[in-house]
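Each chain is listed here by its residues.
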Amino acid sequence: MSIPCHTFPTTISPTRFSFHTRNHKTANLTRSKPTSRIVKCKTTTTTTRHCCCCSTMPPLASSPPQDSLSYSRAYWVTRSIIAWDVDVDVGGSCFLYSSKSAALSVSANGIEAGYDLNIELERHDQRLPENVRDKFPHIKDYKAFKVPEALDLKSILKDQLAVALFDSSGRCINVTGLQLPGVIDDIFSYTGPLGAIFSNEVISFYLWAPTAQDIRAHIYNEPSGGEAVEIVQLKESSGVWSANVPRSLEGCYYVYEVTVYHPCTLQIEKCFVNDPYARGLSGDGKRTFVVNLDSDALKPHKWDDLGDVKPDIADFADISIYELHIRDFSANDSTVNPEIRGGYLAFTSQDSAGILHLKKLSDAGLTHIHLLPAFQFGEVDDQKENWKFVDMEVLKSLPPDSDEQQEYITAIQNEDGYNWGYNPVLWGVPKGSYATNPNGPSRIIEFRKMVQALNHIGLRVVLDVVYNHLHGNGPADDNSVLDKIVPGYYLRRNADGFIENSTCVNNTASEHFMVDRLIVDDILNWVVNYKIDGFRFDLMGHLMKSTMMKAKSVLKNLSRDKDKIDGGSIFLYGEGWDFGEVANNGRGINASQCNLGGSGIGSFNDRIRDALLGGSPFGHPLQQGFLTGLSLQPNGHDHGTEANTARMLALSKDHIQVGMAANLKDFVLTNCDGQEVKGSDISTYGGTPVAYASQPVETINYVSAHDNETLFDIISLKTPMEISVDERCRINHLATSIIALSQGVPFFHCGDEILRSKSLDRDSYNSGDWFNRIDFSYNSNNWGVGLPPKGKNEKSWPLIKPRLASPSFKPHKSHILSALENFQNLLLIRYSSVLFRLRTANAIQERVRFHNTGLSHVPGVIVMSIEDGHEGVPGLTRLDPTYSYIVVIINASPSDISFASPVLRGKALRLHPVQMKSTDDLVKSSAYDTSTGCFSVPSRTTSVFVEPRNFQE
């Protein structure tokens, strides 16, 4: 998921963030407010919502308005301090009020009724303590009031709370509710057991809920329906509620009944809710399954030994990642048993077209499969019998540019079996819709079989995790869990007390101790119980850096000897965008690109993507880039003057070269103006540095992902209408070649290698199987299956329609097979030499050089060399036993080019053996003249030249 940050000039192609506004449907109104504007949620087109973070408070009246308690503008930050942004120079006093029955009532004279306690707070004239300012930087200038030491905080924090300010004459001038996470963390931070804990004789339930007034567990024999067979009263100790039940209840289901004051309704609520540490669920997701994940009955054959057979990863620099949606993988694969298509078990079909495809990629060197969200998410019913379907034969009969296909799809899009899954309900349980039976243990067993099957074909598994937001909130929403248990704690709130929605809905607050803990515990759950090999963090910048570093540290402590897990091999990366309330460390030091240097945690490099393709996901779709014809083959879009477009092309090349050097801050290169600069000295069009990484593994280079159009689709939009499909296919290959041959970690979207199309859909999170189809028989790339859904695409339909209607845009099977071969060859080349996978920033600086730089460079051409040392020769150490020197030449221009360099003269270079054996006649025509140092490279081709060691040693 990605969110925009900058406004860009129209004549310079923007860079920065990718953006998807995927699947988050409308959020519930978290609290009533005096003013709110109706906004379109950036997801569906048919629903509106009250966006709870965008209301503004009217000017303060002479007396507090009656709805003052709907706001929570004061912060109880430690057990002894309340912070409030008020003018204390008016004199007077401040009082704290509490009500066990949530009966506080505000009139013109302040809180006059309903309170059980009112107590005066002492004014504190000093600044808030440093630890408070560090934890809550957005309120660092608030005034402080001291809470009396004798107050029974553990009791009062269960009440409805408010503060009131009076002037020197005793007139009440301000009233507001309180935000409690600070004092809750100060008093109730907890590191003991949570969830259902199994021992020989009993199952112990532990639930952290310090503000709850009462908690009971309702236990059922069945996943739905029927009466509770037992209702168990939990007892509280220091904010943790617990109870023991007989071990015989294993295999039953339960829900918690939580009685708690909820600030969004200003009432004491009885909430029925799942265990946030649930490890199993019922098929409707409304009951927690009592399951022991360590039971042998839930483990596939030799599951405990899987850590010993996982493919080895010597260094994170050796990783390459392939992003895949579980349903996409097999829903359209006729070689998979219909009973398991679209689910976990499809990965166990070893002779299916999809698995044979993955084996090809694994054999070529691919290391990791990144699975889009597979935890329990909303918007897809776990019970398949409730799904609705479209007649595919009807859709196939419609014209390629028809608007009817999308009408059929959108009519049922919230009732079918498709969604990307970025709307989390419970993080720690596999999604039930991907299992053959969503009830009982099937989802657990089948998820494990999927991981095991992928490991057995040489692929490690990355899980896409979404800890930055939750799908539901409030006491009534079926998808709300955490906000029912400790209301106002897990979800980040703004200065008025309303839930922040900068991620689109219900932002979480990892700066709070128990949110941070829950995230780290959940990561451990997936590693220990499901043997996951890495994590991709959605909108990682909305998490605190400390949370990411803690997760990394905890994982690193896992060992094969003790835990049967090599924690040091688990890779963490994510979207490091810096926006919303967390921007510029607004809620603490966040896990954004600019803060992660030196952490060893990867973040997506949007700079190289935007420079290669042109513009950004927010700009005009025809804005061209380095690969799509900018300056060299205009598409008719107004990019400014000829001089301006030439300048844009030169600047984009600088951005790409920095990215190819792993986007390292301190990498020194010659820019297009002939100056020696560091990567961090080169600016994006928004003014921020292009380079942000300190280590190569901190850069995830990519040119496409599930967000926005597929690679083939965006190329088809941006390139001139009149070029041939052959040329578009070569540009597709050119893009993947740059990612594959760059330093850092390469990332590919499933289908990049077979020209995958979504019929130009820019946001297919809920576009069903039709627009998301992928064909591992290679007969079709899914181009021209109708105009994409209106909601996100209608404004571009005038551009899309003629392209879909033209037969000249649709690739043939021969194009798809050639693209696949080229992609396999790129992987083979990357893994043929460690020089493409240098481990340190210093090694990259010493060995990687860019030629064709400065004022006299050849436009549209990148020339990169990688040098190795020689045994017994002073200088560079020898890393590669096969090749001593590599030259990569990328010719993005529509014409053949020749490039000569004195530095490269006299080398014993030859075309890479993989390319010499390829069926691509164009790349095989590439040539090098050792006497002149001149290279000849065909149009739209990446050629790799190598110097074998047997010529030198």
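All of these numbers come straight from a predicted model, not from anything done at the bench.

*Asks:* Tell me what's going on with helix 8 (residues 404-412), and back it up with residues and numbers.
*Replies:* All of the buried residues in helix 8 are Gln405, Gln406, Ile409 and Ile412. Buried residues along helix 8 cover an arc of 145° about the axis, so they all sit on one side. Those residues of helix 8 that are buried are in contact with helix 7 (392-396), helix 18 (768-772), helix 19 (790-793) and helix 20 (797-805).

*Asks:* For the sheet that holds strand 35 (residues 883-891), give the residues involved together with the corresponding values.
*Replies:* One open sheet accounts for five strands, arranged 33-34-35-40-37; its pairing is antiparallel. Two strands bound the open sheet, and with one partner strand each, they are strand 33 (848-851) and strand 37 (910-911). Relative to strand 35, strand 34 (residues 861-867) runs antiparallel, the two being bridged by seven bridges. Residue pairing for strand 35: Val861 is matched across the bridge by Asn891. Running at roughly 25° to strand 34, helix 15 (residues 642-660) makes contact with strand 33, strand 34 and strand 35 of the sheet. The strands touched by helix 17 (residues 725-740) within the sheet are strand 35 and strand 40 (941-948), with strand 40 carrying the most contacts at an inclination of about 45°.

*Asks:* Got a sec to walk through empty space enclosed by the protein? Specific residues and values, please.
*Replies:* Evaluated as defined, the whole model comprises 12 cavities of 30 Å³ or more. Roughly 230 Å³ of volume is contained in the largest cavity. Lining the largest cavity are 24 residues, and of these Leu178, Leu180, Tyr261, Pro263 and Pro487 lie nearest its centre. Secondary-structure elements contributing two or more residues to the lining of the largest cavity are strand 10 (160-166), strand 11 (172-179), helix 3 (181-188) and strand 18 (253-262). Broken down by class, the residue content of the lining of the largest cavity amounts to 15 nonpolar, five polar and four charged. Approximately 110 Å³ is the volume found for the second largest cavity. What lines the second largest cavity is a set of 13 residues, among which Lys310, Asp533, Ile565, Asp566 and Ser569 lie closest to the centre. Considered class by class, the residues forming the lining of the second largest cavity number four nonpolar, two polar and seven charged.

*Asks:* Please provide a residue-by-residue account of the sheet that holds strand 10, values included.
*Replies:* If you walk around this closed barrel you meet the seven strands as 3-4-9-8-5-10-11, and the pairing is mixed. Looking at each pair of strands side by side, their axes are set apart by 35° on average, direction ignored. As paired elements, strand 8 (residues 117-124) and strand 9 (residues 143-146) share three bridges and run antiparallel to each other. Pairing of His124 across the sheet is with Ala144, part of strand 9. Each of strand 3 (74-78) and strand 11 is contacted by helix 3, which is oriented at about 20° to strand 3, the strand it contacts most.

*Asks:* Account for the pairing of strand 14 (residues 212-220), with residues named and values stated.
*Replies:* Pairing analysis gives eight bridges linking strand 14 to strand 18, with the strands arranged antiparallel. Residue Ala212 lies in a different strand from strand 18, and its bridge partner there is Val260. Direction of pairing for strand 14 relative to strand 15 (residues 230-233): antiparallel, over a ladder of four bridges. Following the sheet pairing, His218 is matched in strand 15 by Ile231.

*Asks:* Tell me what's going on with the packing of aromatic side chains, and back it up with residues and numbers.
*Replies:* Tallied over the full model, the rule gives 36 aromatic pairs. Taking 5.0 Å as the distance between ring centres and 45° as the angle between the ring planes, the aromatic pair formed by Phe316 and Phe571 counts as tilted. You can see Phe316 sitting in the loop between helix 4 (306-309) and strand 21 (321-324) and its partner Phe571 sitting in strand 27 (residues 571-574), a full 255 residues away along the chain. Each member of the pair, Phe316 as well as Phe571, is classed as buried.

*Asks:* Any chance you could break down the nonpolar core for me, citing the residues and the numbers?
*Replies:* Counting residues in each nonpolar core, the largest one holds 215 residues, and the members touching the most others are Trp76, Trp208, Tyr256, Phe447, Phe535 and Phe537. In terms of residues, this core owes the most to one element, helix 11 (residues 513-530), which gives nine residues.

*Asks:* Requested: an account of helix 15, with residues and values cited.
*Replies:* The end-to-end C-alpha separation of helix 15 is 27 Å, in line with the 27 Å expected for 19 residues at 1.5 Å each. Of all 19 residues in helix 15, 15 are buried, a share of seventy percent or more.

*Asks:* Before we move on, can you summarise the environment of Trp577 with the specific residues and values?
*Replies:* When you line up the elements, Trp577 lands in the loop between strand 27 and strand 28 (602-605). Of the residues examined, Trp577 reaches a relative accessible area of 1% and is grouped as buried. Separated by 17 residues in sequence, Trp577 and Cys594 have C-alpha atoms that sit 9.0 Å apart.

*Asks:* Tell me about the pairing of strand 8, and please be specific about residues and values.
*Replies:* When strand 5 (residues 93-99) meets strand 8, the two strands line up antiparallel, connected through five bridges. Looking at strand 8, one finds that Cys94 is bridged to Leu121.

*Asks:* For the packing of helix 6 (residues 353-364) against helix 21 (residues 813-830), give the residues involved together with the corresponding values.
*Replies:* Running from N to C, helix 6 and helix 21 cross one another at 30°; their axes reach a closest spacing of 8 Å. In this structure, helix 6 contributes His357, Lys360, Leu361, Asp363 and Ala364 to the contact, and helix 21 contributes Leu820, Phe823, Gln824, Leu827 and Leu828. Here the contact of helix 6 with helix 21 is built from residues that sort into six nonpolar, two polar and two charged.

*Asks:* I'd like to hear about the environment of Leu454, residue by residue, with values.
*Replies:* Tracing the chain through its elements places Leu454 in helix 9 (residues 442-456). For Leu454, a relative accessible area of 0% puts it in the buried group. Beyond its immediate stretch of four places on either side in the chain, Leu454 contacts Phe347, Leu358, Ile369, Leu459 and Val461.

*Asks:* Would you mind going over the pattern of salt bridges in detail, with residue names and values included?
*Replies:* Tallied over the full model, the rule gives 47 salt bridges. Residue Asp606 is joined to Arg607 by a salt bridge in which the shortest nitrogen-to-oxygen separation is 3.1 Å. The residue Lys792 makes a salt bridge to Asp763 at a minimum N-O spacing of 2.6 Å. With Lys792 in helix 19 and Asp763 in the loop between strand 32 (745-749) and helix 18, this residue pair connects regions lying 29 residues apart in the sequence. The class of Asp763 is buried, set by a relative accessible area of 6%. Shared partners join several salt bridges into a network, and the residues in it are Asp294, Asp296, Lys299 and Asp304.

*Asks:* Give a detailed account of the environment of Val202, specifying residues and quantitative values.
*Replies:* Along the chain, the position of Val202 falls in strand 13 (residues 202-208). Remark: the alpha-carbon pair of Val202 and Asn557, spanning 355 residues in sequence, is separated by 30 Å. Residues contacting Val202, with those up to four places away along its chain left out, are Ile197, Asn244, Val245, Pro246 and Arg247.

Rules and cut-offs
- Residues numbered from 1 in each chain as written.
- Predicted model: local features only at pLDDT ≥ 70, side-chain atom pairs only at ≥ 80, totals over all residues.
- Heavy atoms only, no water.
- Buried < 20%, exposed > 50% of the residue type's maximum accessible area, 1.4 Å probe, protein only.
- Helix = DSSP H or I, 4+ residues; strand = E, 2+ residues; numbered from the N terminus.
- Arc of directions from axis to C-beta.
- Contact = heavy atoms within 4.5 Å.
- Pairing = 2+ DSSP bridges.
- Axes fitted to C-alpha atoms, helices over the stretch in contact; angles between N-to-C directions.
- 1 Å grid on protein atoms, 1.4 Å probe; cavity = no way out; pocket = protein on both sides within 12 Å on 5 of 7 lines; lining within 4 Å.
- Points joined across faces, edges and corners; volume = space filled by probe spheres on them.
- Nonpolar A, V, L, I, M, F, W, Y, C, P; charged D, E, K, R; others polar.
- Phe/Tyr/Trp six-rings, centres within 6.5 Å; stacked < 30°, edge-to-face > 60°.
- Core = buried A, V, L, I, M, F, W, Y, C linked by side-chain atoms within 4.5 Å.
- Expected span 1.5 Å × (residues − 1).
- Salt bridge = Lys/Arg side-chain N within 4 Å of Asp/Glu carboxyl O.

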